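The residues making up each chain are set out below.
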Amino acid sequence: PSPTTPAPQRQGRPDIPTKFVPWRYRSKEGWDVLIGRSSEGNDHLTVHMARPEDYWFHAHGCPGSHVVLRRGKGPNEPSRATLEEVASWAAWHSKARTAGKVPVHWTLKKYVRKPRGAKAGLVYIEREQALMVRPVEPPKERMSDVVDDATNGGEE
């Protein structure tokens, strides 16, 4: 094709803006973790990408990223160590990053609701539990480049 020929259009779902694409990590035990980059990214992650059976985390009482631990289908459950590891990442990606210990609330995504007309990133949660954790930066070497349907804006 010549330089003036437009690139062929991809079939399927349209690309989503970079600010909506979450950071992807893998926990020590191999669980996929998604972390929102902005208020709009948090909305997209929580409302469009997270599945009802996924775990959802957020530092309590301060602005911060929504963090989703992908659970998948079936009876598999993450260990307490994995929940604490992911909660510490949620604390790191919040305004409480410099605090000693941070309360992080978590629940299943099916108990997270976005009120109609609410600003980006605002949600209500039910049946939450709390973990007190020290904020820990997710290791760069654990960043995952896995691409699946979720990065293309799809729901399942």
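Conventions and cut-offs
Residues numbered from 1 in each chain as written. Predicted model: local features only at pLDDT ≥ 70, side-chain atom pairs only at ≥ 80, totals over all residues. Heavy atoms only, no water. Helix = DSSP H or I, 4+ residues; strand = E, 2+ residues; numbered from the N terminus. Contact = heavy atoms within 4.5 Å. Areas by Shrake-Rupley, 256 points an atom, 1.4 Å probe, with all protein chains shown as cover. Core = buried A, V, L, I, M, F, W, Y, C linked by side-chain atoms within 4.5 Å. Buried < 20%, exposed > 50% of the residue type's maximum accessible area, 1.4 Å probe, protein only. Expected span 1.5 Å × (residues − 1). pLDDT = per-residue confidence, 0-100.

**So, the overall build of the protein**
Across its full length, the protein carries two helices and eight strands. The contacts in the protein between residues at least 6 apart in sequence include a share of 64% that link residues at least 24 apart. In the form shown here, the protein has an accessible surface area of approximately 9,100 Å², with 52% of it arising from carbon and sulfur atoms.

**Re the nonpolar core**
Ranked by size, the top nonpolar core spans 24 residues in total, and within it V33, Y55, F57, V67, L69, L83 and V104 carry the most contacts. For this core, the secondary structure elements donating two or more residues are β2 (32–35), β3 (55–59), β4 (67–69), α2 (80–92), β5 (102–108) and β8 (129–133). No other element matches the six residues that α2 contributes to this core. Residues L34, L45, W56 and V123 belong to the second largest nonpolar core, which totals eight residues.

**With respect to α2**
The terminal C-alpha atoms of α2 lie 18 Å apart, and with 13 residues this matches the ideal 18 Å at 1.5 Å per residue to within 8%. Turning to α2, its buried residues are T82, L83, E85, V86, A87, S88, W89, A90 and A91. Summarising the contacts, the buried residues of α2 are in contact with β1 (23–26), β2, β3, β4, β5 and β8.

**A short note on the confidence of the model for the protein**
Overall, the predicted model of the protein reaches an average pLDDT of 86, with 83% of residues at or above 70. Note that residues 146–156 has pLDDT below 50 and, in this model, 26 contacts with residues that lie over four places away or in other chains.

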